[in-house]
Amino acid sequence: MEARRRMVVCWKENLVLVVMKYVRDISLKLGDYTVYTTSDYKAEVIETNRRHEVILNEQRCSCRLWQVSGISCVHAIAFIGTMKDANLKNYVSEYFIVAKYKTAYALEIGSLPNKAQWIKVDIGYKVLPPNLSLRPPEKPKKERIRSTDENTSKKMHKCLRK
Ligand SMILES: [Zn+2]
């Protein structure tokens, strides 16, 4: 924890190192993508067999990576790369900005005592582990319930071979 805190102090960039490396790796592949801008904030980004819609002001892409991770996906970075004066920092979740990271590690984290040193507290009842020997819920019936219009007569089939 302290090592991470010391490491964060040295960072001079706006974005966290992991994001910077991710963007650097992705920017090598941008030649594989074609960007068709449809408005100031929307674009269609086409790769070999796929097409994705990027909406910058909503920080969304149809590949859904941006919404899940908070880091712009390759399609968004391809679109941002076509814009003048674009700053990637504006399109990354605030959790990946160094200033926020420094804030998270700004305070000291106190050390914890050993488990043997913990104070025993009487809560008034005993907490037991779950009883695993109880019978599991019933299995579903094996025989299917037939519909009223289904033929329910059972005919015997005779084999004609002798
Ligand atoms: Zn995408």
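Just so it is clear, the model here is predicted, and its values are computed rather than measured. (Residues numbered from 1 in each chain as written. Predicted model: local features only at pLDDT ≥ 70, side-chain atom pairs only at ≥ 80, totals over all residues.)

Undergrad: Quick rundown of the nonpolar core? Include the residues and the values.
TA: Judged by nonpolar contacts, Ala43, Val45, Val54, Leu56, Cys61, Trp66, Cys73, Val74, Ala76, Ile77, Ala78 and Phe79 together constitute the single largest core of 12 residues. Among the secondary structure elements, those contributing two or more residues to this core are strand 2 (42–46) and helix 4 (74–82). Ignoring anything within four residues of it in the chain, the contact list for valine 74 reads Ile26, Lys29 and Tyr33. (Core = buried A, V, L, I, M, F, W, Y, C linked by C-beta atoms within 7 Å. Buried ≥ 20, exposed ≤ 12 C-beta atoms within 10 Å, placed from the backbone. Helix = DSSP H or I, 4+ residues; strand = E, 2+ residues; numbered from the N terminus. Contact = placed C-beta atoms within 7 Å.)

Undergrad: Give me the lowdown on the sheet that holds strand 2, citing residues and values where you can.
TA: An order of 1-2-3-4 is seen for the 4 strands of this open sheet, with the pairing classed as antiparallel. Looking at which strands have only one partner, the edges of the open sheet turn out to be strand 1 (34–37) and strand 4 (60–61). (Pairing = 2+ DSSP bridges.)

Undergrad: Before we move on, could you go through the pairing of strand 1 and cite the residues and values that matter?
TA: If a strand is regular, its side chains alternate between the two faces of the sheet. Where strand 1 and strand 2 come together, 4 bridges link them in antiparallel fashion. Bridge pairing in strand 2 places threonine 34 opposite isoleucine 46. Between strand 1 and strand 2, which follow one another and run antiparallel, lie 4 residues.

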